[in-house]
Amino acid sequence: MIRRIAFTLPLLAALLLPARGEDLPYVYTKWKHFTTEDGLPNDHIFAVRADGPRIWVGTEDGLAMIDKRTGKIRSWREKDGLPWKVVTAIDVDPKTGDVWLGLFGGGLARFSGGRFDHYHQLNSGLVNDVVYGVAVENDNIWAATTAGASRYNTVTKEWTIFTEKNAPMEEIWNYAVSYADDKVYLGVWGSGVLEYDLKTGKWKEYLDPDGEMEIDLYRDDGIAHVITTGVSYVDKILWVSSYFGASRYDGRNWRVFYNQDSGLPSDFENNMKARSGNEAWYCTDKGLGAIMDFKTNTWVAYSRDPKTLRGKALVTRDKTVLEEIDLETGVPHSFMIAVDFDGNDVWVGTAKGLGHGIGEGYYPGLRTRPSIVAQGR
Amino acid sequence: MKSLTILLLPLLLFAAGPADDWEKIPELKALIDEDTAEVLRRVNAAGYYGVPELNLKKDVNYASTPADLEPFRDVKPYKEHFLLQMEYTGSGRGIPEPDDVKSVKFGFIGPIMSTVSIATGGKSHEEALGIKMLQGTQLAIEEANAKGGYFRRKIPFELVVTNDNGLWGSSGNEIINMAYKDHVWAILGTIDGANSHIAIRVALKAELVMMNTGDTDPTFIETNIPWVARSIGDDRQQAYLLIDYMIRKLDFKRIGIIRSSNRYGRFGVREVRDSCRRLGRPIAMEMAFKLGQDDYSLQLERLKSANLDAIVFWGNAREGGVILNQMRHMGMNQPFFGCDRMVADEFVQLAGHNADGVIAAFPWNPTRDDPKLARFRQAFRKKFNQEPDTYAAHAYDGMNMLIWATQVAGLNRAKIRDILAYRTRPWPGVTGDIPLSAALDDLGDVFLARFDNGGWEYHSREDLKIPRGYIPARDRVTRGSLTGDE
């Protein structure tokens, strides 16, 4: 009997606490969907990039731009000058406003002044036309390709190729690239994360110390797995996604997240983006997993019910469910591919449409608040 | 052989799913057993947003690895991968079939044309293997067309053939073209490990099945990609058998390795090296060579000085023959073991009488008495006036698996993937039964090929009474003891 009470009391407390108010994260409860019916060229969204009032969207069959001021959507296909239809990566040059596009099998394109300039294996120093990631670093454009990384200096027009010959790439299959604080980070499939220091020109590698594919020997001994898919460096914190789990590194300690020990919807992550050292969003094959407070391992996972097509937001701490919020409209699909932040808002590219999470009243970290009541019921 | 169990959810639970036409087509009906019919119904019910209500394959042990060969076997790992089948959770199942299709295209990618090799800086070296792979694929397509082609529409199957020359990751571009320009429904290929990895990354994003029939790199399947399957036993399985024979049965103490410096050699011997170390017989010396060399005295002098009991070779047939001859010429009479690429005419012709007693791991038994295999051989000889080799036979099996899955699923890439992934029984191939693991890898039996009296003889583990380490029936994380099955 004593054991039963000891078990029941914490359970009751956990159930009651949210009603009284406790430290909980912000939850996006207002979502808007964009699909071909709204003017997108295709519903399979590979890339999304917020640039002030413009939201650039890369799809499996064209590029689109949503103008938030007017609500209008413009799109470009090959017949409109887009060099290749599959747009897998987008970044915007903050100095020039040029939009740089990674094309899946089509190389790299610059969209500027209504014109597309095309860079590919046969007319430039782009190492491969299968481009998975693109990042603007000062005057340089970095492209993560399936056969190495390329860097293009827009001022000198010089190209530099990085492969196993001049970088510590055990494999050359680059997947992601990002830039922050004078460092370029490459997520390399089979080679973990590589950090390139612009000041010293030196590389540093982040690998899984056990070196085995089929196990992760210790949870926090390094990156979760070397098959990485996304990397984001914010507030001197390195966040990483892979097809095997998520990782965070503060320069001294690693923390790895799996579905079994966190609110991560799945260990298969297509991509990720960090908002701060405390908050990062992971695009998984079973939903959008946002760690909203690192210290307390508090997550919000967004998904779409395949039968009712209603949305769901699941708030968890470790593996304890704190809130399960039913949403009339949530994310467009549970298979997440891309994410970007737009002030307090968030944009997500999915296998079936683009989602816009409206962050009215967004707050970082945790706040004491009552439970959110289901929407639209 | 690992038993594969897929327990379908109780039939009573199922009610949804569009009516399909397959029951009205006798040829198609003959391809669909009761389990497959249920899988198809559930796959069809998933649509854009759902996933089929089917249980995922779950292996109790990764790759049937004995406890004493597991990495860090004395430590309980925090996480073990590849035991639960990967799901495809995207929207592809909802894509409607196209109306205007004149043929059902499959892609082929393999090394079929001579080019420059990254590995050697000289001429490429895998065309002989790739051409056989292509021939096996072509035969499967031709036979399927002779039976009526794609049954639902009575249109032929067509093969889109591309060369995989491996330069600057060009295989990725080829997959893109096949996915987005040729609109193939699935792809078969390739052989080189690096090109295979590049290809499957593209296939993952383009959402297209890649059936591999010739790349034995164990890491090929260790990528968590739900769009990848393999119909050939990999170097891990072959290494386990080879090392069990060399150490557990023959009790060799000092083993040396000579291997090619390319990815095939580098990754091929990984399990040999690790297994020897884990069994307390660490490799005494490992030497690498560049492809295309004629003189291996540098490597062999060092191996000779290491006082070895046996030597393991991992590379192509040509290098294997040349190295073996030079070894014998230098008075090195150690038993010579190696990889499946030695089982080739080129090796035998080069090695001559030195080939006697050579033992190679091999992914199947081509001397098996099997009417399917005999029919395949006869048809291959008739069409190409040549003997089929291992690449031809595995490609024939792999393409037949793709054709079957497409016939059953219809013209939808995700459903083709599902039909393969949720298959409940081993595929009855000409290379033997092909049971797919949770990672969709071929876990069928592998063999040892011994060259004697002018020919290769194939021996199973049972034939040679090769001991096997204890294979726990529990995953490592939940196992009660570190090596046992409590």
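Residues numbered from 1 in each chain as written. Chains lettered and ligands numbered in written order. Predicted model: local features only at pLDDT ≥ 70, side-chain atom pairs only at ≥ 80, totals over all residues. Heavy atoms only, no water.

(A) Spatial organisation of the overall build of chain B. From N to C terminus, chain B includes 14 helices and 15 strands. Taking 2.2 N^0.38 as the reference for a compact globule, 486 residues should give roughly 23 Å; the C-alpha atoms of chain B span a radius of gyration of 23 Å, in line with that estimate. With respect to the principal axes defined by its C-alpha atoms, chain B has extents near 70 × 55 × 45 Å. For chain B, the proportion of its 486 residues judged to be buried stands at 63%. Considering only intrachain contacts with a sequence separation of at least 6, the fraction spanning at least 24 residues in chain B is 73%. Carbon and sulfur atoms make up 52% of the accessible area of chain B, which amounts to about 17900 Å² in all. Chain B carries 61 positive and 64 negative side-chain charges, and their two centres are separated by 2 Å. (Helix = DSSP H or I, 4+ residues; strand = E, 2+ residues; numbered from the N terminus. Rg over C-alpha atoms; globule rule 2.2 N^0.38 Å. Buried < 20%, exposed > 50% of the residue type's maximum accessible area, 1.4 Å probe, protein only. Contact = heavy atoms within 4.5 Å. Areas by Shrake-Rupley, 256 points an atom, 1.4 Å probe, with all protein chains shown as cover. Lys, Arg positive; Asp, Glu negative; His and termini not counted. Charge placed at Lys NZ, Arg CZ, Asp CG, Glu CD.)

(B) Region of interest: the confidence of the model for chain A. In this model, chain A carries an average pLDDT of 94, and 93% of its residues clear a pLDDT of 70 or more. Here residues 1-19 of chain A is modelled with pLDDT under 50, and outside its nearest four sequence neighbours on either side it reaches 7 contacts, counting other chains as well. (pLDDT = per-residue confidence, 0-100.)

(C) Layout of the pattern of salt bridges. For the structure on display, the rule yields 64 salt bridges over all chains. In this structure, A:Asp182 and A:Lys199 form a salt bridge, with 3.5 Å as the shortest nitrogen-oxygen distance. Separated by 17 residues along the polypeptide, A:Asp182 in the loop between β15 (173-180) and β16 (183-189) and A:Lys199 in the loop between β17 (192-197) and β18 (202-206) bring together distant segments of the chain. For A:Lys199, a relative accessible area of 69% puts it in the exposed group. In this structure, B:Glu53 and A:Lys307 form a salt bridge, with 2.8 Å as the shortest nitrogen-oxygen distance. With B:Glu53 in the loop between α2 (34-46) and β1 (79-80) and A:Lys307 in the loop between β27 (298-304) and β28 (311-317), this residue pair bridges two chains. Salt bridges sharing partners connect three or more residues here, namely A:Glu212, B:Asp274, B:Arg277 and B:Arg278. (Salt bridge = Lys/Arg side-chain N within 4 Å of Asp/Glu carboxyl O.)

(D) Region of the structure containing the environment of B:Phe447. Along the chain, B:Phe447 falls in strand β14 (residues 447-452). Not counting residues up to four positions away in its chain, the partners in contact with B:Phe447 are B:Leu241, B:Ala360, B:Ala361, B:Phe362, B:Trp364, B:Asn365, B:His459 and B:Ser460.

(E) A look at the packing of aromatic side chains. Residue and element names in this part refer to chain A. Overall, the coordinates contain 61 aromatic pairs over all chains when judged by the stated rule. Here the aromatic rings of Trp76 and Phe111 are separated by 5.0 Å at their centres, their planes lie at 65°, and the arrangement is edge-to-face. Placement of the pair is Trp76 in strand β6 (residues 73-76) and Phe111 in strand β9 (residues 107-112), with a sequence separation of 35 residues. The burial state of Trp76 is the same as that of Phe111; both residues are buried. (Phe/Tyr/Trp six-rings, centres within 6.5 Å; stacked < 30°, edge-to-face > 60°.)

(F) Structural detail: the domain arrangement of chain B. All names here are of chain B. Taken domain by domain, chain B holds domain 1 (62-233 + 368-446) and domain 2 (236-362). Between domain 1 and domain 2, the contact holds 29 residues from the first and 20 residues from the second. Of the roughly 2200 Å² buried at the junction of domain 1 and domain 2 (both faces included), carbon and sulfur atoms supply 54%. Its largest share of buried area at the contact with domain 2, domain 1 owes to Leu69, Pro218 and Val446, together 28% of the area lost on that side. Applying the counting rule to domain 1 against domain 2 returns 4 salt bridges. Inspection of the region where domain 1 meets domain 2 yields 12 residue pairs in polar contact (both at pLDDT 80 or more). At the level of secondary structure, the elements contributing two or more residues to the side of domain 1 that touches domain 2 comprise α5 (193-206) and α13 (390-409). With 3 residues, the top contributor of residues to the side of domain 1 that touches domain 2 is α5. Looking at the side of domain 1 that touches domain 2, its residues break down into 13 nonpolar, 10 polar and 6 charged. (Domains from an automatic or database assignment. Buried area = accessible area lost by both parts, 1.4 Å probe. Polar contact = N/O pair within 3.5 Å; in protein donor to acceptor, adjacent residues only side chain to side chain. Nonpolar A, V, L, I, M, F, W, Y, C, P; charged D, E, K, R; others polar.)

(G) Representation of the sheet that holds β16(A) in the model. Taking strand neighbours across the sheet as the criterion, the 4 strands line up as β15-β16-β17-β18 (chain A) in an open arrangement whose pairing is antiparallel. In this open sheet, the two strands that pair with only one neighbour each are β15 and β18 of chain A. Mean inter-strand twist for the sheet, computed between neighbouring axes without regard to direction, equals 20°. In this structure, β15(A) lies alongside β16(A), joined through 7 bridges in antiparallel fashion. Paired with A:Ser178 across the strands is A:Tyr185, a residue of β16(A). Here α5(B) sits on the sheet in contact with β15 and β16 of chain A, set at roughly 65° to β15(A). (Pairing = 2+ DSSP bridges. Axes fitted to C-alpha atoms, helices over the stretch in contact; angles between N-to-C directions.)

(H) Region of interest: the confidence of the model for chain B. Overall, the predicted model of chain B reaches an average pLDDT of 92, with 92% of residues at or above 70. Segment residues 1-19 of chain B is flagged for pLDDT under 50; beyond a separation of four residues in sequence, or across chains, it makes 39 contacts in the model.

(I) Here's a closer look at the interface of chain B and chain A. Contacts between the two partners involve 50 residues from chain B, matched on the other side by 53 residues from chain A. Here chain B packs against chain A, burying approximately 4600 Å² in sum over the two surfaces, 60% of which is carbon and sulfur. Ranking the residues of chain B by area buried against chain A places B:Tyr49, B:Tyr78 and B:Arg201 at the top, with a combined share of 20%. Summed over the shared surface of chain B and chain A, the number is 6 salt bridges. Its salt-bridge partner being B:Glu87, residue A:Lys286 comes within 3.0 Å of it at the nearest N-O pair. Along the contact surface separating chain B from chain A lie 22 residue pairs in polar contact (both at pLDDT 80 or more). At 8 residues, the largest contribution of residues to the side of chain B that touches chain A is made by α5(B). In terms of residue class, the side of chain B that touches chain A is made up of 21 nonpolar, 13 polar and 16 charged.

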